[in-house]
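Reading the structure
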Amino acid sequence: MRQAIRQLLKSPGFTIVSLVTLAFGIGLNANAFSVLNRLLLQSLPFRDPGSIVMVWGDTSKDQEVGQSPGDYIDERDQNTVFEGLAAYYINNTSSLVDQGKVAERATVLECTSNFLPVLGISPVLGRGFTSDEQARQEPVVLLSNRYWQKNFAGDPHVLGRALRLKGASVTIIGVAPRELDDPERWGRLDLVHLDPVEVNRGYRDGTWYNVVGRLKPGVTRAQAQAEMGAIARKLAHDYPKTNAERSLRVAPFLTDSEGDIGHAIIWMIMDLALAVLMIACVNLANLQLVRMTARSREIAIRLALGSSRLRVMGMLLSESILLSLCGGALGLLFAKWANDYVGAYFNLPVPLDYRVLAFAFVASAATGAVFGTVPAWIASRADVNATLKQGGRGASAGGSRNRLRQVLIVAQLAIALVLLTGAGYFIRGIHRIMNHEMGWDPDHLTMGEIELPNAKYGERGDKRTLVFAEKLISGLRHLPGVQDAAISTGTPIGTVPAGDPFAVEGRPAPAKGAEPLAYTNRVTPGFFATHGMHVLRGRDFAISDRPGAPNVAIVSKSLAEKFWPGEDPIGKRIGGTDPVKPDWSEVVGVVNDVVGSIRIARYETPYQIYRPWFQDTFRFLIFSVRTGADPHSVVEGARKALADVEPDIAATILAPARDTMEDNMSGIVLVQRMLDVMALLGLLLSTIGIYGVVANVATERTQEIGVRMALGAGSADVQWLFMRSGIILAVLGSGIGLLASVGLVMALDRLVQIVPGNDPWVIAGVGVMLAVIALLACWIPAWRATKVDPTVSLRAE
Amino acid sequence: MENQALPQSLLKLDNVTKVFLTDEVETHALSGIHLEITKGEYVAIAGPSGCGKSTLLSILGLLDTPTDGTYTLNGRPVQGLTPADRARIRNREIGFIFQSFNLIGDLTVYENVELPLTYRGMPAAERKARVEESLEKVGMGHRAKHVPSQLSGGQQQRVAVARALAGNPAVLLADEPTGNLDSKNGDAVMDLLQSLHRTGSTIIMVTHDARFARHADRTVHLFDGQVVEESAAPKD
Ligand SMILES: Nc1ncnc2c1ncn2[C@@H]1O[C@H](COP(=O)(O)OP(=O)(O)O)[C@@H](O)[C@H]1O
Ligand SMILES: [Mg+2]
């Protein structure tokens with residue numbers, strides 16, 4: 001061991017280059033693994049997590065839909081397989097007021113009283129909810145641990161204190177354990193609120209609850225599935241109107257809250273990171289080979305003195321492994337920094353826990369073994385006699401060494417090409433997700449969301465909401481610099497790939513399930529102008545489009561062109577799909593199509609239908625304001641305008657549309673950055689690799705260059721001598737890499753359908769770029785070889 | 001001038017100097033060299049180590065350029081030629097033989113000898129004839145397929161001589177061709193040069209061994225970068 005250290009200190013250049021390469025390679029992997037570990041591998045912090053399951057509604061369209069309160073109560077009361085079955089949903093539009101402070105937005109976990117027991121956790125302070133409280137609909141909450149620490153500095157006297165939530169008073173009865181501070185699963189949770197699910201006992205239309213259960217000991221998931229299936233059939237029989245096509249699906253709790261796309265991307269990042277490490281290994285193996293040549297005399301002497309080959313190999317290998325362990329330690333520093341960066345981005349601590357440490361250790365040791373073994377083996381097989389006679393010099397040494405180096409370079413180029421194609425595939429896809437014509441203008445636009453308290457504003461169609469909206473719009477329009485303001489139920493930012501079925505008057509009704517779908521948004525007059533959209537035909541909505549006035553609608557251009565090609569859509573009628581009560585609305589205008597700020601591959605529908613918000617008001621609403629000035633400047637004004645109308649509520653996500661978009665995309669942007677870093681690192685390492693090999697070969701052959709020059713070789717001859725081998729390596733490497741890349745892209749197309757459109761140009765472009773860089777990397781040492789002074793290189797010894 | 005009356009001058013150095021600049025130190029490797037060599041001559045350059053023999057040979061072989069003075073090869077001044085022109089002249093007019101043989105280890109004997117012809121762009125059939133002819137001349141025809149590491153030092157040097165001959169150059173430049181050989185092999189190489197000289201080759205050979213200088217028509221003695229003496233060998 002001491003000897004290995006001494007050897008490494010003896011060649012500081014080699015050692016430093018190797019350590020840096022290793023630090024990056026292993027650091028990148030430790031970082032990717034930390035993310036993977038944090039998101040996928042860490043077991044749930046809940047008691048016996050294997051027996052916690054989700055019970056999803058299952059429709060032909062979607063296998064993970066929520067459940068209605070009516071269904072949940074029936075399932076809870078009829079099943080025999082669960083120790084407990086809880087319902088919950090996350091509400092992040094609630095306004096929370098702490099005495100004497102301004103209203104703020106809160107993220108609230110609304111749940112049944114048995115939610116904490118089902119997960120197997122209990123409050124750290126105070127007590128949990130009781131079923132009595134649930135039956136009596138008591139207004140009680142638990143603080144999240146995070147909120148407790150942040151707003152009350154962990155003060156134990158918060159118990160019994162009152163807060164105002166959604167305009168009503170609630171009492172703090174406890175503090176939730178840290179296990180619930182899991183932003184990735186619940187968001188940044190502030191409160192846990194006892195949900196009065198029984199209020200809606202018979203309600204089966206809306207399915208906003210997630211249902212989670214703890215299996216009784218000895219009950220398997222399959223048994224639970226069988227019983228829930230039977231309950232679903234009974235519900236379908238009893239309530240055919242809502243439940244005919246609903247069944248139930250029992251799924252593990254662990255994987256259900258993360259999307260498969262997320263998994264695919266995380267695994268992809270891990271694989272790409274491993275590819276970078278492989279490239280690093282190739283470089284190190286090459287460096288090692290060069291070093292073995294320089295040490296061949298020392299090794300030959302050792303062998304001549306009777307050391308066994310195995311011993312020599314062991315000695316060389318221990319140097320490699322020592323080196324890679326040091327590199328791995330440095331890599332952990334790099335990973336720590338990268339983890340903090342990722343953590344800050346996602347608001348989610350990404351720890352270097354024992355698993356990551358173990359991974360880094362194994363990865364380092366394996367790396368050392370991988371890049372050290374073959375060179376050590378070759379060195380230990382050296383022909384002792386020849387080496388000693390030669391005095392370590394001469395052109396005929398190491399044919400197998402050179403061949404191995406060439407194989408390594410070909411492998412490296414192929415890996416680099418695959419890496420770059422994989423990264424390029426995502427980077428291009430992400431670029432396309434983020435940069436596209438949206439059909440609306442997010443600049444100079446500020447938006448906020450409001451949830452009006454049910455107690456004061458009622459549900460759909462309540463007159464009080466209408467009055468509120470008129471006051472708010474007028475208040476917003478009077479703010480300085482504001483050009484227009486509007487209210488709507490949806491925003492183009494989140495134009496989601498989901499739609500409602502609709503019917504076109506005078507058309508035969510399509511089969512059930514095959515109706516056309518449109519994304520429906522209810523908007524006030526001025527919405528289109530506020531969003532920078534264009535009314536292409538007909539008119540915008542007017543104040544006169546109110547309850548009692550005829551039903552009207554505005555449709556998107558593509559919808560009009562699809563359903564009334566060559567006809568004037570104005571005056572045509574669209575309605576619901578219920579043939580008994582179609583509820584026709586007359587089309588009064590056509591606007592341009594919009595897409596959301598994140599354009600993913602498959603939209604359920606390209607069509608949009610707008611209806612007058614005033615004809616169908618609702619207490620969940622979004623307001624938007626267009627200014628000529630900096631959109632940040634109206635945020636405060638908008639907050640005041642809202643407070644003037646309704647002091648008890650806060651707007652959530654009150655921010656310029658651009659900021660919100662960027663916020664929504666931060667995850668994607670981070671993924672893109674990680675991929676950028678990997679692609680760059682991979683490219684850099686493989687460029688260094690091929691440059692290093694050609695440069696080293698050129699150095700080893702300076703004497704030969706001199707001879708050739710003396711014999712009349714021109715600089716073009718000398719250059720070609722080295723370029724030729726570089727070109728052969730580049731062509732072979734990129735040829736193999738291209739084949740593998742085509743396979744990779746085909747696999748990715750099947751795997752990650754979120755990325756829109758496949759792209760043969762990525763492969764072609766990456767292939768060409770890599771080939772050019774490889775040739776450049778050969779050309780530089782080849783060109784330098786022509787600068788060899790023959791008189792110097794020929795001075796024998 | 002009565003140029004026509006004199007034997008034709010092949011190489012002519014006029015007041016040639018070579019100064020090396022290393023780390024601000026000037027080394028005067030050659031100063032004021034006058035040298036004229038005619039076609040068919042066998043000239044030895046002798047002198048102690050470091051006196052500038054190899055430098056002189058490099059300049060004669062167009063591997064290096066003089067700091068000052070003029071060099072006329074075949075009646076044509078060579079200063080101001082492009083590197084490509086110089087490479088072409090080296091290839092056609094000059095054959096090098098080195099002390100350490102300098103065969104290319106990855107190439108066979110045949111390919112080594114063929115190399116200067118390849119740079120000349122000669123057709124393969126003609127190359128083959130020339131390579132075989134010159135290998136025969138040095139008695140290495142039967143080793144064409146071997147690689148240098150399979151040959152002894154003396155054999156390697158004979159291959160090097162064949163390589164220098166293959167292009168049919170105007171002059172052979174040999175820098176201590178026997179320096180890496182034992183006396184038996186050294187003598188064999190000297191005999192080979194002697195016989196080449198007899199068939200009309202112009203040879204300039206650097207040596208610090210007076211015994212070998214004897215073979216030459218004329219010996220130029222260098223000391224400290226200057227010609228100190230010229231002596232003609234006694235004709236036997
Ligand atoms: N490329 C060079 N740079 C600096 N000094 C050199 C160079 N080549 C030769 N010299 C110096 O020039 C002198 C003559 O060298 P050289 O011609 O090799 O001598 P010889 O062949 O007679 O032994 C020596 O002092 C040597 O150190
Ligand atoms: Mg010399």
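Numbering of residues starts from 1 in each chain and follows the order in which that chain's sequence is written. As a convention, the first chain written is A and the first ligand written is 1, with the rest following in written order. The predicted nature of this model means local features are confined to residues of pLDDT at least 70 and side-chain atom pairs, given and counted, to a pLDDT of 80 or more, with totals for whole chains, interfaces and linings taken over all residues. By convention in this description, side-chain values take in all heavy atoms of the structure and omit both hydrogens and water.

1. Comments concerning helix α21 (residues 635-645) of chain A
Each turn of an α-helix holds 3.6 residues, which means side chains three or four residues apart point in the same direction. All names here are of chain A. Relative accessibility decides the category of a residue: with a 1.4 Å probe and only protein chains considered, values under 20% of the type maximum give buried, values over 50% give exposed, and everything between is partly exposed. For helices the rule is a DSSP run of H or I covering at least 4 residues; for strands it is a run of E covering at least 2, with both sets numbered from the N terminus onward. Turning to α21, its buried residues number three or more, namely V635, G637, A638, A641 and L642. Down the axis, α21 shows its buried residues gathered within 160 degrees of arc, on one side only. Of the exposed residues in α21, those oriented more than 90 degrees away from the buried face are K640 and D644. Summarising the contacts, the buried residues of α21 are in contact with β11 (445-451), α18 (463-477), β21 (620-627) and β22 (652-656). Our arc is simply the arc of the directions from the helix axis toward the C-beta atoms. By definition, residues are in contact when any of their heavy atoms lie within 4.5 Å.

2. Digging into the site of ligand 1
Only heavy atoms are used to decide nearness, and a residue is near a molecule or strand if one of them lies within 4 Å of it. R795 of chain A together with G50, K53, S54 and T55 of chain B are the nearest of the 13 residues found near ligand 1. Residues near ligand 1 are shared among chains A and B, making this a multi-chain site. Pairs of N or O atoms within 3.5 Å make up the polar contacts considered here, provided that, within protein, one atom can donate a hydrogen while the other can accept it, and that residues adjacent in sequence are counted only when both atoms are side-chain atoms. At 2.7 Å, a side-chain N or O of S54 of chain B approaches an oxygen atom of ligand 1. Between T55 of chain B and ligand 1, the recorded distance is 2.5 Å, taken from a side-chain N or O atom to an oxygen atom. Per-residue accessibility takes into account occlusion by the displayed protein chains alone, with areas from the Shrake-Rupley method and a 1.4 Å probe. Here ligand 1, which alone exposes 560 Å², has 73% of that area covered by the protein. For the shell around ligand 1, the class distribution of residues is 4 nonpolar, 7 polar and 2 charged. As a working rule, the residues Ala, Val, Leu, Ile, Met, Phe, Trp, Tyr, Cys and Pro are called nonpolar, Asp, Glu, Lys and Arg charged, and the rest polar, with Gly in that last group.

3. A short note on the confidence of the model for chain A
Residue and element names in this part refer to chain A. What pLDDT reports is the predictor's confidence in each residue, on a scale of 0 through 100. On average, chain A scores 84 in pLDDT, and the residues at 70 or more come to 91%. Ranking the elements of chain A by mean pLDDT puts helix α10 (residues 253-256) last, at 57, and helix α19 (residues 527-530) first, at 96. Below a pLDDT of 50 lies the segment residues 391-397, which in the model reaches 10 contacts outside its immediate sequence neighbourhood of four places, other chains included.

4. Describing the side chain of T367 of chain A
Residues and elements named next belong to chain A. Summarising the element assignment, T367 is placed in helix α14 (residues 354-380). Given the relative accessible area of 3%, T367 is considered buried. If sequence neighbours within four positions are ignored, T367 has contacts with L22, I26, L277 and C281.

5. A word on the interface of chain B and chain A
With 19 residues of chain B at the interface, the matching set in chain A holds 17 residues. A per-class count over the side of chain B that touches chain A returns 9 nonpolar, 6 polar and 4 charged.

6. Thoughts on the confidence of the model for chain B
Residue and element names in this part refer to chain B. Taken residue by residue, chain B gives an average pLDDT of 89. The fraction at 70 or more is 95%. Predicted confidence in chain B is weakest over helix α7 (residues 210-213), with a mean pLDDT of 78, and strongest over strand β8 (residues 202-206), with 95. Predicted confidence for residues 1-5 stays below pLDDT 50, and this span has 0 contacts to residues more than four positions away or in other chains. Reported for the predicted complex are a pTM of 0.66 and an ipTM of 0.85.

7. Overview of the sheet that holds strand β1 (residues 9-22) of chain B
All names here are of chain B. Two strands make a pair as long as DSSP finds a minimum of two bridges between them. The strand order across the open sheet built from 4 strands is β2-β1-β4-β5, with neighbouring strands paired in antiparallel fashion. Of all the strands in the sheet, just β2 (25-38) and β5 (76-77) have a single pairing partner and so form its edges. Bridge count for strand β4 (residues 68-73) against β5 is 2 bridges, and the pairing is antiparallel. Each bridged residue has a counterpart across the sheet, and for T72 the counterpart in β5 is P77. Here the axes come from fitting lines to C-alpha atoms, over the contacting stretch only for helices, and the angles between their N-to-C directions go from 0 to 180 degrees. Taken strand by strand, helix α1 (residues 53-60) contacts β1, β2 and β4, and its axis lies near 125 degrees from that of β1.

8. Focus on the pairing of β11 of chain A
Residue and element names in this part refer to chain A. Taking burial as the measure, the 7 residues of β11 include 6 buried ones, the bulk of the element. Bridge analysis of β11 against β21 gives 7 bridges, and the strand direction is antiparallel. The partner of E451 across the bridge, within β21, is F620. Pairing analysis gives 3 bridges linking β11 to β22, with the strands arranged antiparallel.

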